[in-house]
Amino acid sequence: MDSPSRSSVIIIGAGVSGLSAAKLLAENGIEDILILEASDRIGGRIRKEDFGGVSVELGAGWIAGVGGKESNPVWELANESGLRTCFSDYSNARYNIYDRSGKIFPSGLAADSYKKAVDSAIRQLRIQEAEFCGSDLSNATEPPSTPKTPIELAIDFILHDFEMAEVEPISTYVDFGEREFLVADERGYEHLLYKMAEDFLFSSGGNILDSRLKLNKVVRELRHSRNGVTVTTEDGSVYDANYVILSVSIGVLQSDLISFSPPLPRWKTEAIQQCDVIVYTKIFLKFPDKFWPCGPGKEFFIYAHERRGYYTFWQHMENAYPGSNILVVTLTNEESKRVESQSDEETLQEAMEVLRDMFGPNIPDATNILVPRWWSNRFQRGSYSNYPLITNDQDFRDIKAPVGRIFFSGEHTSERFSGYVHGGYLAGIDTGKAILEDIGKNKERQNDQNQTFLLEPLLALTGSLTLGQTETTVVSGPHKCEIPTQLYLSGNIGIQEAIL
Ligand SMILES: Cc1cc2nc3c(=O)[nH]c(=O)nc-3n(C[C@H](O)[C@H](O)[C@H](O)COP(=O)(O)OP(=O)(O)OC[C@H]3O[C@@H](n4cnc5c(N)ncnc54)[C@H](O)[C@@H]3O)c2cc1C
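Fair warning: this is a prediction, and the values are worked out from it, not measured in the lab. (Residues numbered from 1 in each chain as written. Predicted model: local features only at pLDDT ≥ 70, side-chain atom pairs only at ≥ 80, totals over all residues.)

## Brief notes about the overall build of the chain
Turning to step 1, where the next piece is worked out: Across its full length, the chain holds 13 helices and 25 strands.
Turning to step 2, where the next piece is worked out: When burial is assessed residue by residue, the chain has 38% of its 500 residues classed as buried.
Turning to step 3, where the next piece is worked out: The contacts in the chain between residues at least 6 apart in sequence include a share of 72% that link residues at least 24 apart. (Helix = DSSP H or I, 4+ residues; strand = E, 2+ residues; numbered from the N terminus. Buried ≥ 20, exposed ≤ 12 C-beta atoms within 10 Å, placed from the backbone. Contact = placed C-beta atoms within 7 Å.)

Here it is, written out as structure tokens:
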């Protein structure tokens, strides 16, 4: 339990967003920062684990948005730090759709179903748009169709759950390009973060040794006023700061892990509750040998089952790590939660049954399974934010807006790139800049107030002054100077309180 002196800024959360904010502040002369991280590591949703002899990414796996007119900053960081990546193209997945008897659907049927699903999604979007704007729906063409057959359900899952459900045009692809690269590096995606941290936190041999980063510090309470914020952690430590950057996930904000005193205003809590949280789970399975097809266009394959999202989307890791004999299956939302609540043995059994449907009864059992639990993790409560397709811009602005001295950051505060690593990275920079601006303004106000304070007795000597006068008053005596009387009007009284 410790209670160090007051910091300029406390950053809560050492994910990509918290770290990019901290780095920006440090580079701009705010060095008395403190980073409080609940878990025993940095990285947050960027997290690798050793599995089956290689390093697998439990959280973010891809750098999405590469090869476009602008350079994705995360792609730049990856290049600077020599991160190993491999090109991913899951557009071929639709041609590798297996039914429950192990037959692959003919490519024509798959392409037709895909087109039907895309058209239907577009119609659905138009209807939602019309409803949102209160427009007349009487001219709407045929209503969107509901997927029913296993192949339709599988394609619906890929469109809406695997590829992110976002409104076109998707900023990530428009701005940064349509290519995606899978991180396949033993040092993990998190290597980027260690490289970033090294620039401003004292590190040695790949370990961060700087006392301004405190791990295993679970923030439970923020007491805030217009003068600053007092942060209390689960172990009873208390820290004071002029500002706080809260970069925990939207899922954590929706939970009761952190309490606020005074409570957050209603406009804030309501906006936070408006945002959906996606649970996205990559389950890794290790095999003694490979029994699935490899080669061009075969990296991704799909299982069509009458239950939507039931072990639908598969990937082999031969492109990333040849000879690793690892498969990954992606589950989302309700299926993710269901699997999180059962034992890994049960999940292994289910996955093996599915694989035997596709590849026959003689395939070997998996020797190992890894099931991440993003939903049950109280420091995450989900995988990433998902703004409703038709979003009220005000909700988004409210999620991001500071409350007094508490500034919000994280992927969910990135207007154009929410849900992505680059969203978190850019949001951190934005929040860092917003605090620098506020510090600047406060300094100006402080200077103004100090001048006023010093000059008050002298002004009293000069006789009565009317507030709002703009003419210059000349004071004689030891503190001879010129005072624009407007100074009386500046100062921040009431502004922060009004926000609260
Ligand atoms: C399974 C999965 C797959 C994904 N795939 C991709 C992908 O392929 N490409 C992509 O670009 N993005 C992907 N993402 C999203 C991406 O990982 C996130 O957008 C990004 O990492 C979020 O960073 P952040 O800093 O906003 O939040 P986080 O990384 O969540 O950082 C917040 C930090 O706050 C800490 N914290 C929480 N509560 C407290 C507390 N009370 N006190 C102190 N600390 C606290 C957490 O431990 C965490 O370290 C994926 C995410 C998941 C989970």
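## Examining the environment of Gly432
Turning to step 1, where the next piece is worked out: Looking at the secondary structure, you find Gly432 in helix α12 (residues 421–461).
Turning to step 2, where the next piece is worked out: Judged by C-beta crowding, with 28 C-beta atoms within 10 Å, Gly432 ranks as buried.
Turning to step 3, where the next piece is worked out: Distance from Gly432 to Ala22, taken between C-alpha atoms, is 7.1 Å for residues 410 residues apart in sequence.
Turning to step 4, where the next piece is worked out: Residues in contact with Gly432, not counting those within four places in the same chain, are Ala21, Leu24 and Leu25.

## Side note on the pairing of strand β12 (residues 219–225)
Turning to step 1, where the next piece is worked out: As defined by bridge partners, β12 adjoins strand β13 (residues 228–233) across six bridges and the pair is classed as antiparallel. Residue Leu222 lies in a different strand from β13, and its bridge partner there is Val231.
Turning to step 2, where the next piece is worked out: Both β12 and strand β15 (residues 259–261) contribute to a ladder of three bridges, which runs parallel. Within β15, the residue paired with Arg223 across the bridge is Ser261. (Pairing = 2+ DSSP bridges.)

## Side note on the site of the ligand
Turning to step 1, where the next piece is worked out: For the ligand, the set of nearby residues contains 41 residues, the closest of which are Gly13, Gly15, Ser17, Gly44 and Gly424.
Turning to step 2, where the next piece is worked out: Sorting the residues of the shell around the ligand by element identifies α1 (16–27), β5 (62–66), β17 (280–286) and α12 as the ones contributing at least two each. (Near = placed C-beta within 6 Å.)

## Describing the UniProt feature "binding site: FAD" (unreviewed entry) in the chain
Turning to step 1, where the next piece is worked out: Within this numbering scheme, the UniProt entry marks Ser17, Glu37, Ala38 and Val219 as carrying the feature "binding site: FAD" (unreviewed entry).
Turning to step 2, where the next piece is worked out: Using a count of 25 C-beta atoms within 10 Å as the deciding quantity, one classes Glu37 as buried.
Turning to step 3, where the next piece is worked out: Apart from residues lying up to four places away in sequence, Glu37 is in contact with Gly13, Ala14, Ile42, Lys214, Leu215 and Lys217.
Turning to step 4, where the next piece is worked out: With residues up to four places along the chain from it excluded, the contact list for Ala38 reads Lys217, Val218, Val219 and Phe379. (UniProt positions renumbered as here; feature names shortened; annotations may be inferred.)

## As for the nonpolar core
Turning to step 1, where the next piece is worked out: Grouped together as the largest cluster of nonpolar side chains are 112 residues, with contacts concentrated most on Ile10, Val244, Ile245 and Ile302.
Turning to step 2, where the next piece is worked out: Counting the residues that make up this core, at least three belong to each of domain 1 (7–53 + 187–275 + 388–442) and domain 2 (91–162 + 280–370).
Turning to step 3, where the next piece is worked out: Setting aside anything within four residues of it in sequence, one finds Ile245 in contact with Val9, Ile11, Ile12, Gly18, Ala21, Phe407, Ser409, Thr431 and Ile435. (Core = buried A, V, L, I, M, F, W, Y, C linked by C-beta atoms within 7 Å. Domains from an automatic or database assignment.)

## Considering the packing of helix α8 (residues 266–274) against helix α11 (residues 393–400)
Each pair of packed helices can be described by the angle between their axes along with the distance between the axes.
Turning to step 1, where the next piece is worked out: The N-to-C vectors of α8 and α11 enclose an angle of 115 degrees; their axes lie 8 Å apart at closest approach. Viewed along their axes, α8 and α11 adopt a mutual orientation that is roughly perpendicular. Handedness of the crossing formed by α8 with α11: left-handed. Along its contact with α8, which presents Trp267, Lys268, Ala271, Ile272 and Gln274, the element α11 presents Asp395, Asp398 and Ile399.
Turning to step 2, where the next piece is worked out: Taken together, the residues of the contact of α8 with α11 break down into four nonpolar, one polar and three charged. (Axes fitted to C-alpha atoms, helices over the stretch in contact; angles between N-to-C directions. Parallel < 35°, antiparallel > 145°, perpendicular 65-115°, else oblique. Left-handed = near helix turned anticlockwise from the far one by under 90°. Nonpolar A, V, L, I, M, F, W, Y, C, P; charged D, E, K, R; others polar.)

## A closer look at the packing of α1 against helix α6 (residues 191–198)
Turning to step 1, where the next piece is worked out: Direction vectors running N to C along α1 and α6 enclose 20 degrees, while the axes themselves pass 10 Å from each other. When the axis of α1 is compared with that of α6, the two are roughly parallel. Pair α1 / α6 crosses with left-handed handedness. Where α1 approaches α6, its residues Val16, Leu19, Ser20 and Lys23 are matched on the opposing element by Leu193, Met196 and Ala197.
Turning to step 2, where the next piece is worked out: Here the contact of α1 with α6 is built from residues that sort into five nonpolar, one polar and one charged.

## What about the sheet that holds β5?
In a beta sheet, neighbouring strands pair by backbone hydrogen bonds and run either parallel or antiparallel.
Turning to step 1, where the next piece is worked out: Spatially, β5-β8-β6 is the arrangement adopted by the three strands of the open sheet, whose pairing is antiparallel. Looking along the sheet, the strands with just one partner apiece sit at the ends: β5 and β6 (85–88). The average undirected angle you get between the axes of adjacent strands in this sheet is 30 degrees.

## Focus: the confidence of the model for the chain
Turning to step 1, where the next piece is worked out: On average, the chain scores 87 in pLDDT, and the residues at 70 or more come to 86%.
Turning to step 2, where the next piece is worked out: Segment residues 463–500: pLDDT under 50, and 44 contacts once partners within four positions in sequence are set aside and those in other chains are kept. (pLDDT = per-residue confidence, 0-100.)

## Notes on helix α2 (residues 73–80)
Turning to step 1, where the next piece is worked out: For α2, the complete set of buried residues consists of Val74, Trp75, Leu77 and Ala78. Down the axis, α2 shows its buried residues gathered within 160 degrees of arc, on one side only. Within α2, the exposed residues directed more than 90 degrees away from the buried face are Asn79 and Glu80. (Arc of directions from axis to C-beta.)

## Side note on the sheet that holds strand β7 (residues 97–98)
Turning to step 1, where the next piece is worked out: Taking strand neighbours across the sheet as the criterion, the six strands line up as β7-β18-β19-β20-β17-β21 in an open arrangement whose pairing is mixed. The sheet is open, and its two edges are formed by β7 and β21 (368–370), each paired on a single side.
Turning to step 2, where the next piece is worked out: Bridge analysis of β17 against β21 gives three bridges, and the strand direction is antiparallel. The residue bridging Leu285 from the neighbouring strand is Ile369, located in β21.

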